[in-house]
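Observations on chain architecture
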Amino acid sequence: MIRSLFFTPGKPIRTDIPPAEFPRLLRDRRGVLWVDFVDESPQLSEPILRLFGFHPLAIDDALQETHTPKIDDWGDYLYIVLNIMRHKQEKGVFEAETEELDVFLGRNYVVTHHDQHLTAVNDVWSACQRDIRHLQDGPDHLLYRIIDALVMGYMPLVEEIDEQIDRIEDQVFDRPHPSTLEQIFALKRLLLAMRRILLPQREVLHKLARDDYRVIDPKDRVFFRDIYDHLVRLHDLNESLRDLVSGALDTYL
């Protein structure tokens, strides 16, 4: 699925724009174009991405979906890789998988590419359609809103893990069972996977907040610094939860 919206001051938001119009809209420096690729085949995505003038290596990176969080500066645009953790809980055991979000940020556009529907992206998309203020501050501020929604999505998971650790600690003292050990190791794997995302993602936000990029307004760096602070806090919480899980394991053994 390919969806698009275009905002220009004084006019209503346009949606579902034919890709053939993208080059013309990109010439409107006052407008903001957001194109979102969701579970789209590379054969269809690649020609459209080429309309934006992206380097073939950057396009290949976006279509491969195999990268850790990073940021590449291509001068007129940035290529950013972000990771999102999906999780589910069955019979008290957490299972997680990592999804990738690829972002191209230009002077008047944002292009996002992901294999699965992402709640954070969908929420920001809906918010943009409801209120043009989400688009009035430019594409770099739109990128901030997308990343902020992704990062805030970790808080419910952290709260669930904290509650699960409390239950495991009660089990360890009251009624230890081999299934308790399974839950402990599942939590250790989950927290390790989260740490592998948070550390490089924190570095990406640090660069967005500190480095001088042509497509990011200096006054908007403070917003990325705010997300960086959230990621630092999440990393600290992750370390604390890992210590609690290790303590529960030692007590069980």
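Before any of the text, the structure's been laid out above.
Residues numbered from 1 in each chain as written. Predicted model: local features only at pLDDT ≥ 70, side-chain atom pairs only at ≥ 80, totals over all residues. Heavy atoms only, no water.

Leaving glycine out, the prevailing phi sign among residues is negative, and the prevailing peptide bond configuration is trans. Its identity as a non-glycine residue notwithstanding, Asp 16 has a phi of 50°, on the positive side. With respect to the element layout, Asp 16 can be found in the loop between strand 2 (14-15) and helix 1 (22-26). (Helix = DSSP H or I, 4+ residues; strand = E, 2+ residues; numbered from the N terminus.)

Take the pairing of strand 3 (residues 32-38) next. The element strand 3 is largely enclosed, with a buried count of seven among its seven residues. Residues of strand 3 alternate between two faces, with Val 32, Trp 34, Asp 36 and Val 38 on one and Leu 33, Val 35 and Phe 37 on the opposite face, all of them buried. One ladder, built from six bridges, connects strand 1 (residues 2-7) with strand 3; its direction is antiparallel. Considered in strand 3, the bridge of Phe 6 is made with Leu 33. (Buried < 20%, exposed > 50% of the residue type's maximum accessible area, 1.4 Å probe, protein only. Pairing = 2+ DSSP bridges.)

What follows concerns the packing of aromatic side chains. One pass over the full model with this rule turns up 12 aromatic pairs. Look at Trp 74 and Tyr 77: their rings are 6.3 Å apart centre to centre, the planes differ by 15°, and that puts the pair in the stacked class. Linked through ring pairs, Phe 22, Phe 52, Phe 54, Trp 74, Tyr 77, Tyr 79, Phe 104 and Tyr 109 together constitute an aromatic cluster. The ring of Trp 125 carries Arg 3 above its face, with NZ or CZ at 4.5 Å from the centroid. (Phe/Tyr/Trp six-rings, centres within 6.5 Å; stacked < 30°, edge-to-face > 60°. Lys NZ or Arg CZ within 6 Å of the ring centre and 35° of its normal.)

As a further point, take helix 2 (residues 42-50). When helix 2 is considered as a whole, its buried residues turn out to be Ser 45, Ile 48 and Leu 49. For helix 2, the angular spread of the buried residues around the axis is 100°, confining them to a single face. (Arc of directions from axis to C-beta.)

These values are about where atoms sit, not about what they do.
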